[in-house]
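Okay, here's what each chain looks like letter by letter:
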Amino acid sequence: MTKEEKSVVIEDLTAQLAANHVIYLADLTGLNAKETSDLRRACFKANIKLAVVKNTFLAKAMEASDKNFGDLPSVLKGNTSVMYAEVGNAPAKLIKNFRKKSEKLLLKGAYIEEAVFIGDDQLDALSSIKSKEELIGDIIALLQSPAKNVVSALKSGGGKIAGIVKTLSER
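The protein chain has the name Large ribosomal subunit protein uL10 in an unreviewed UniProt entry, where Capnocytophaga gingivalis is given as its organism. What UniProt records for the protein chain under Sequence similarities (unreviewed entry) is the sentence "Belongs to the universal ribosomal protein uL10 family." Under the UniProt heading Function (unreviewed entry), the entry covering the protein chain gives this text: "Forms part of the ribosomal stalk, playing a central role in the interaction of the ribosome with GTP-bound translation factors."

Here it is in structure tokens:
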């Protein structure tokens with residue numbers, strides 16, 4: 001590969017890193033062809049882009065990027081696959097589900113909305129992160145709760161007042 005070809009690959013990786021806010025790094029070492037194919041199929045169904053990259057290219061792309069990847073370049077050893085997703089917890093959930101079939105898939109690290117997670121032990125924390133839509137739903141439910149309480153109190157209070165007025169008028 002010539003220097004020009006390498007620089008094009010690094011520029012493409014830098015552009016992909018800039019365009020995505022959810023980036024996971026995984027190690028696929030030990031997966032056979034069928035398991036790799038199953039993983040790629042699962043990623044496609046979950047709207048996750050999976051790409052195998054060369055560590056040196058990814059490290060240079062991280063350096064050239066405007067984002068602060070912290071200690072994430074330190075995990076770039078051995079085989080590295082990059083997962084790009086729209087939802088922060090989707091790749092973590094996919095990895096957890098895939099591990100039911102094969103324990104060979106390891107999480108190296110993740111970059112989610114300027115937060116850096118390093119190590120396979122972070123998988124449970126990453127899978128429990130709520131997506132933007134889930135957070136919006138929780139906020140709407142919290143905002144609606146007091147309004148529902150007020151409306152139900154007014155409805156029940158109106159019935160009580162009407163009952164009291166009716167009883168007083170009958171006397």
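Text resumes after the structure shown.
Engineer: Before we move on, can you summarise the overall build of the protein chain with the specific residues and values?
Structural biologist: A count of helices and strands for the protein chain gives six helices and five strands. In the protein chain, the succession of helices and strands from N to C terminus is α-β-α-β-α-β-α-β-β-α-α. Within the protein chain, the fraction of its 171 residues that count as buried is 35%. Restricting the contact set of the protein chain to residue pairs at least 6 apart, pairs at least 24 apart contribute 77%.

Engineer: Give me helix 4 (residues 90-98): which residues, what numbers.
Structural biologist: What helix 4 keeps buried is the set Ala90, Pro91, Ala92, Leu94, Ile95 and Phe98. Of the surrounding secondary structure, the elements contacted by the buried residues of helix 4 are strand 1 (22-27), helix 2 (33-45), strand 3 (80-85), strand 4 (106-112) and helix 5 (123-127).

Engineer: Please set out the layout of surface pockets residue by residue, giving values where relevant.
Structural biologist: Here the largest pocket defines a volume of roughly 290 Å³. Val22, Glu86, Gly88, Glu113 and Lys132 are the residues nearest the centre of the largest pocket, which is lined by 16 residues in total. Among the elements that take part in the lining of the largest pocket, helix 6 (residues 132-170) stands out by supplying three residues, more than any other. Taken together, the residues that form the lining of the largest pocket break down as seven nonpolar, four polar and five charged. Looking at which domains feed residues into the lining of the largest pocket, each of domain 1 (3-129) and domain 2 (131-170) gives three or more.

Engineer: Could you give me a rundown of helix 1 (residues 3-19), with the residues and numbers involved?
Structural biologist: Over its 17 residues, helix 1 extends 24 Å from the first C-alpha to the last, a length consistent with the 24 Å expected when each residue adds 1.5 Å. Among the residues of helix 1, those classed as buried are Ile10, Leu13, Thr14 and Leu17. The buried side chains of helix 1 occupy one side of the element, clustering within an arc of 105° when seen end-on. In helix 1, the exposed residues that point more than 90 degrees away from the buried face are Glu4, Glu11 and Ala19. Of the surrounding elements, those touching the buried residues of helix 1 are strand 1, strand 2 (49-53), helix 3 (55-64) and strand 3.

Engineer: Tell me about the packing of aromatic side chains, residues and numbers included.
Structural biologist: By the definition in use, this model includes one aromatic pair. On the basis of an interplanar angle of 50° and a centroid distance of 4.8 Å, the ring pair of phenylalanine 69 and tyrosine 111 is categorised as tilted. Of this pair, phenylalanine 69 sits in the loop between helix 3 and strand 3 while tyrosine 111 is found in strand 4, placing the two residues 42 residues apart along the sequence. Of the two residues examined, phenylalanine 69 and tyrosine 111, each falls in the buried class.

Engineer: Tell me about the pattern of salt bridges, and name the residues and values.
Structural biologist: Pairing of side chains with opposite charge becomes possible as their charged atoms draw close. In this structure the tally under the stated criterion is four salt bridges. A salt bridge links aspartate 38 to arginine 41, with the nearest nitrogen and oxygen atoms 3.2 Å apart. Here aspartate 38 pairs with arginine 41, and both are found in helix 2, just three residues apart, close to one helical turn. Overall, arginine 41 belongs to the partly exposed group, its relative accessible area being 43%.

Rules behind the numbers
- Residues numbered from 1 in each chain as written.
- Predicted model: local features only at pLDDT ≥ 70, side-chain atom pairs only at ≥ 80, totals over all residues.
- Heavy atoms only, no water.
- UniProt positions renumbered as here; feature names shortened; annotations may be inferred.
- Helix = DSSP H or I, 4+ residues; strand = E, 2+ residues; numbered from the N terminus.
- Buried < 20%, exposed > 50% of the residue type's maximum accessible area, 1.4 Å probe, protein only.
- Contact = heavy atoms within 4.5 Å.
- 1 Å grid on protein atoms, 1.4 Å probe; cavity = no way out; pocket = protein on both sides within 12 Å on 5 of 7 lines; lining within 4 Å.
- Points joined across faces, edges and corners; volume = space filled by probe spheres on them.
- Nonpolar A, V, L, I, M, F, W, Y, C, P; charged D, E, K, R; others polar.
- Domains from an automatic or database assignment.
- Expected span 1.5 Å × (residues − 1).
- Arc of directions from axis to C-beta.
- Phe/Tyr/Trp six-rings, centres within 6.5 Å; stacked < 30°, edge-to-face > 60°.
- Salt bridge = Lys/Arg side-chain N within 4 Å of Asp/Glu carboxyl O.

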